[in-house]
Amino acid sequence: MAFDARVLILAADDGRIGPLAAGLDALGWRTVTARDVVSAELTLQDFPLEAAVIDIDTFGLDVAVRLRVAAEPRRLPIMVIGARPDSIKGADLTMSTPPHPAQAALRLEQLGRAAIAEEEFHLRVTTFATRDVKLDARSDDDGPLRVLAAGVADRRFLALSNALTAAGVEVVAAPTPYTAFDYLHESPFDAAVLWGAEDHAPALSIAAGMKRNTRLYHIPLMLYLRGKNEISLSELFNRGFADVASADTPEGETAERILALAGAHRTHLGIRKTLDSVRSLELMDPATGLFTPQLFASHLGRVAEASRARKRPLSVCVLRVRETESVTWARQGGWLDRAMPQIGAMVSRLVRVEDTPARLAKEVFALALPATHAEPARLAAERIAAVIGCTAFDAGPDRSPFVAEFDVGAAEMQPNESAAALLERASADLFEKTLRRL
């Protein structure tokens, strides 16, 4: 049977962390448990685990650093349970008590994607350095982190605000949803903490509004619960909250968790902005700003090598403009060429920050998706194709606008397979899917 665990649990016993492990298993985050540090290190070295959760009670304060080293060159997200936020080195997140499984799964997913984005950034730095281009992920905004604190203040909320301010955070208070949205539209924020009223309605209203806005969608949200009359935590996470602090969570711990969310968000924005900045360089495809075939081949080889070393999957997708009557006419009139810059920009914005988009030929695109299996990669490419397929492009005077549909092929890297062979299999899959459609 294949080893399909995703999360390492390091705990001397199941007394405190057992229910969390069972909850993660039920949510699809299969766990494997180690009872001592040596066993945990060996497990990380042998298997492609995505994260670790440590019950710190019986282990030394350096345990997170040891696990991180054991997982190298994979960047391992680590959650520590039962410790003060400032007491453990090497942890990405510390919590005094075990979180709800849905909360843990969401945070591990966020931390995992951030780790993969950082890995990909360093690979891009190397790829572009070989062409004398230096990438720097430092944000243009080097000022203090900015956090919106929305809700009617009380003692605990003021204590949280004071803790954030003491940590160097600029806290902006908004007593109502209306003022909260005024502030959100006027200036950028790295995170928002919402004070849960008795019925949670104001906080839920703000969260819903932010998730409907493309500019505000990615700002991490924390809900600070007022009392014990909680609504379903699973429902809260489904509504877009990145974290939820219960009424009995110490203000210092809540502040540290907000700092972690805000810092990761700003870092992520800096990486994406840096990677987007290369689209105008001469070594990129001049019409779309995507990787050229030569640059993509060079970088894909580097990604494939890193994926094997990190025991992560890697998939490649190929998208080709489908031949339709309207596309044939648009091509003859030059209108398809005129649409390519917009199509390329859409591909660039629709991929994740860690994915590499390229233009392989005039009407053929490719995506390299690290840490992604074949079927999720295919679904991601099909979603991109569907979004572009909903966009109407100008076809000239006296002609209805045309749409660009795509055929999609996908392949996942096999053991000892070269990057070139992987790309060939994805292309072959595209042609096979095209023949089946015809």
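Read on for a plain summary of the structure. Keep in mind that this is a model prediction, so the values were computed, not measured.

### Some thoughts on the sheet that holds strand β9 (residues 221–224)
Taken together, the five strands give an open sheet; going across it, the order is β7-β6-β8-β9-β10, and neighbouring strands pair in parallel fashion. Unpaired on one side and paired on the other, β7 (170–174) and β10 (243–245) mark the two borders of the sheet. Taken over all neighbouring pairs, the strand axes of this sheet differ in orientation by 20° on average, direction set aside. Bridge analysis of strand β8 (residues 191–195) against β9 gives four bridges, and the strand direction is parallel. In the strand pairing of β9, Leu194 is matched with Leu223. Contacts from helix α6 (residues 177–186) reach β6 (146–150) and β7, with the element oriented near 140° to β7.

### Description of the sheet that holds strand β11 (residues 314–321)
The sheet built from four strands is open, its strands ordered β12-β13-β11-β14 with antiparallel pairing. The open sheet has two edge strands, β12 (356–361) and β14 (406–412), and neither has a second partner. Taking each pair of neighbouring strands and ignoring which way they run, the sheet shows an average axis angle of 20°. In terms of strand pairing, β11 meets β14 through seven bridges, oriented antiparallel. Bridged to Cys317 within β14 is Ala410. Packing against the sheet, helix α13 (residues 374–389) makes contact with β11, β13 (364–370) and β14, and its axis sits at approximately 160° to β14.

### A closer look at unusual backbone geometry
Cis rather than trans, the peptide bond between Glu72 and Pro73 has omega equal to 5°. By the secondary structure assignment, Pro73 is in the loop between α3 (63–71) and β4 (78–81). Unlike most non-glycine residues, Ala371 shows phi in positive territory, near 55°. Relative to the assigned elements, Ala371 resides in the loop between β13 and α13. Residue class for Ala371 comes out buried when judged on its relative accessible area of 18%. Backbone geometry at Asn416 places phi at a positive 65°, although glycine is not the residue there. For Asn416, the position within the fold is in the loop between β14 and α14 (419–437). We classify Asn416 as exposed; its relative accessible area is 76%.

### Describing the packing of helix α1 (residues 18–26) against helix α4 (residues 101–129)
Contact pair α1 / α4: the axes reach a minimum separation of 9 Å and the direction vectors enclose 65°. Taken together, α1 and α4 sit at an angle that is classed as roughly perpendicular. Taken as a pair, α1 and α4 cross one another with a handedness that is right-handed. Contacts between α1 and α4 pair Pro19, Leu20, Gly23 and Leu24 from the former with Pro101, Ala104 and Ala105 from the latter. Looking at the contact of α1 with α4 residue by residue, the classes come out as six nonpolar, one polar and no charged.

### Describing helix α10 (residues 293–310)
Because each turn of an α-helix spans 3.6 residues, side chains separated by three or four positions end up pointing in the same direction. Over its 18 residues, α10 extends 25 Å from the first C-alpha to the last, a length consistent with the 26 Å expected when each residue adds 1.5 Å. For α10, every residue scored as buried is listed here: Leu295, Phe296, His299, Leu300, Val303, Ala304, Ala306, Ser307 and Arg310. Immediately downstream of α10, the backbone of Lys311 shows phi near 60°, a positive value.

### Things to note about the environment of Arg66
The topology assignment puts Arg66 in helix α3. Those residues in contact with Arg66 that sit more than four places away from it in its chain are Val37, Val38 and Glu41. Looking at Arg66, its side chain comes within polar contact range of the side chain of Glu41, at 3.1 Å.

### Observations concerning the state of the cysteines
Scanning all chains against the criterion turns up zero disulfides. Left without a disulfide partner, Cys317 is nearest to the cysteine sulfur of Cys390, which lies 19 Å away.

### Brief notes about the nonpolar core
Of all hydrophobic cores here, the largest spans 32 residues; its most connected members are Phe128, Leu135, Phe291, Phe296, Leu300 and Leu314. Secondary-structure elements contributing two or more residues to this core are α4, α9 (251–277), α10, β11, β13 and α14. Counting residues per element, this core draws most heavily on α10, which supplies six residues. Those residues within four positions of Phe296 in sequence are excluded, and the remaining contacts are Phe291, Thr356, Ala358, Leu360, Ala366, Leu367, Ala368 and Leu423. Within the second largest apolar cluster, 30 residues are counted, among which are Ile343, Val347, Ala377 and Ile388.

### Points about the side chain of Asp55
Considering the arrangement of structural elements, one finds Asp55 in strand β3 (residues 51–55). Given the relative accessible area of 7%, Asp55 is considered buried. One polar contact links Asp55 to Arg16, side chain to side chain, over a distance of 2.6 Å. In this structure, Asp55 is in contact with Leu10, Ala11, Arg16, Ile17 and Ile81, ignoring residues within four places of it in sequence.

### Concerning the pattern of salt bridges
If you walk through the whole model with that rule in mind, you get 29 salt bridges. Across the pair Arg310 and Glu119 runs a salt bridge whose closest N-O atoms are separated by 3.8 Å. Here Arg310 is found in helix α10, whereas its partner Glu119 is found in helix α4, with 191 residues between them in sequence. For Glu119, a relative accessible area of 7% gives the class buried. Measuring nitrogen to oxygen at the nearest pair gives 2.9 Å for the salt bridge that ties Arg312 to Glu119. One end of the pair, Arg312, is in the loop between α10 and β11; the other, Glu119, is in helix α4, with 193 residues separating them in the sequence. Three or more residues are tied together by salt bridges with common partners; here these are Arg107, Asp243, Glu253 and Arg257.

Here is what the cut-offs are and how they apply
Residues numbered from 1 in each chain as written. Predicted model: local features only at pLDDT ≥ 70, side-chain atom pairs only at ≥ 80, totals over all residues. Heavy atoms only, no water. Pairing = 2+ DSSP bridges. Helix = DSSP H or I, 4+ residues; strand = E, 2+ residues; numbered from the N terminus. Axes fitted to C-alpha atoms, helices over the stretch in contact; angles between N-to-C directions. Contact = heavy atoms within 4.5 Å. Buried < 20%, exposed > 50% of the residue type's maximum accessible area, 1.4 Å probe, protein only. Parallel < 35°, antiparallel > 145°, perpendicular 65-115°, else oblique. Left-handed = near helix turned anticlockwise from the far one by under 90°. Nonpolar A, V, L, I, M, F, W, Y, C, P; charged D, E, K, R; others polar. Expected span 1.5 Å × (residues − 1). Polar contact = N/O pair within 3.5 Å; in protein donor to acceptor, adjacent residues only side chain to side chain. Disulfide = S-S within 2.5 Å. Core = buried A, V, L, I, M, F, W, Y, C linked by side-chain atoms within 4.5 Å. Salt bridge = Lys/Arg side-chain N within 4 Å of Asp/Glu carboxyl O.

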